[in-house]
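# Observations on the model geometry
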Amino acid sequence: MFHVERTIKNLISKGIAAIIVLIFTLCACNAARERQTIPDYLILENGKTAIGTKPLNAFIFESTRRDILFQKFLVSRYKSVDLNEKEFDITIDGQHFQMLVYDNPELEKYFDTSKFIITNLQPETEATVNIPKFIAISVISANNEDCLSEQSIFHNITINYLKTLKDDFLKL
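A brief structural summary. Everything numeric here is computed off the predicted structure, so don't read it as measured data.

If you tally the helices and strands in the protein, you get 4 helices and 7 strands. Along the chain direction, N to C, the helices and strands of the protein fall in the order α-β-β-β-α-β-β-α-β-β-α. Expressed as a percentage of the 172 residues in the protein, the buried residues total 34%. The contacts in the protein between residues at least 6 apart in sequence include a share of 64% that link residues at least 24 apart. Surface exposure of the protein reaches about 11,300 Å², of which carbon and sulfur atoms provide 56%.

See below:
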């Protein structure tokens, strides 16, 4: 009888150990997420919505600047008076558009930035901890059309405008 009880205890101990190893293995495999760098910019779907539209596409790029906020750059460029402005009226080739800039909470709400790899690592200081590492922008036409959609007739001019804007910001 003693021999039988000992075998059952060994089986139970080995079973519990196997289950623990299995749980650790699954957790370790689950932690390896697919991540990507942003070489120049990305166009991602499912951003903010404008009145009467489906979710907008967004132009996303990595901000390598730690000395100035993108919104401050835009406020000075477009001569706005509100430093918290997130919507800017712009003109591209004589056409009027509205540029929507995402703040940090909106960026996290619509796009999982933990999937992006920061390529320009710099030590964070107290002054730079709140500066976003990624910038997202959506653009709509006067008719609330998503200008970053591949079906939009404004797709190419909007992309070129945003690339120039990004380059001007990063070169400051």
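So that's the structure; there's more coming.
When a strand is regular, its side chains alternate between the sheet's two faces. Judged by which residues are buried, strand β4 (residues 87–92) turns out to be one-sided: F88, I90 and I92 face inward and are buried, whereas E87, D89 and T91, on the alternate face, are not. Bridging between β4 and strand β5 (residues 95–101) involves 6 bridges; their strand directions are antiparallel. Pairing of T91 across the sheet is with H96, part of β5. What sits between β4 and β5 in their antiparallel hairpin is a turn of 2 residues, with D93 showing a positive phi close to 50°.

What follows is about helix α4 (residues 155–171). Under the 1.5 Å per step criterion, the end-to-end length of α4 is 24 Å for 17 residues, consistent within 8% with the ideal 24 Å. H155, T158, I159, Y161, L162, L165, K166 and F169 are the residues of α4 that are buried. In a view along the axis of α4, the buried residues occupy a sector of 165°, so they form one face of it. Those residues of α4 that are exposed and angled more than 90 degrees off the buried face are N156 and K171. Elements that come into contact with the buried residues of α4 comprise β2 (42–44), β3 (58–62), α2 (70–77), β4, β5 and β7 (134–141).

The next thing to look at is the packing of aromatic side chains. Under the criterion given, the structure shown has 10 aromatic pairs. On the numbers, 5.1 Å between centres and 80° between planes, the contact of F97 with F154 is edge-to-face. Separated by 57 residues along the polypeptide, F97 in strand β5 and F154 in the loop between β7 and α4 bring together distant segments of the chain. No difference in accessibility class separates F97 from F154, as the two residues are buried. One aromatic cluster is present, built from ring pairs that chain together Y41, F59, F61, F70, F73 and F169. The ring of Y102 has K48 sitting right over it, with the charged end atom 4.9 Å from the ring centre.

So, about the side chain of K166. Examined against the element boundaries, K166 turns out to sit in helix α4. Beyond its immediate sequence surroundings of up to four residues, K166 is in contact with D40, F59 and F61.

Cut-offs applied
Residues numbered from 1 in each chain as written. Predicted model: local features only at pLDDT ≥ 70, side-chain atom pairs only at ≥ 80, totals over all residues. Heavy atoms only, no water. Helix = DSSP H or I, 4+ residues; strand = E, 2+ residues; numbered from the N terminus. Buried < 20%, exposed > 50% of the residue type's maximum accessible area, 1.4 Å probe, protein only. Contact = heavy atoms within 4.5 Å. Areas by Shrake-Rupley, 256 points an atom, 1.4 Å probe, with all protein chains shown as cover. Pairing = 2+ DSSP bridges. Expected span 1.5 Å × (residues − 1). Arc of directions from axis to C-beta. Phe/Tyr/Trp six-rings, centres within 6.5 Å; stacked < 30°, edge-to-face > 60°. Lys NZ or Arg CZ within 6 Å of the ring centre and 35° of its normal.

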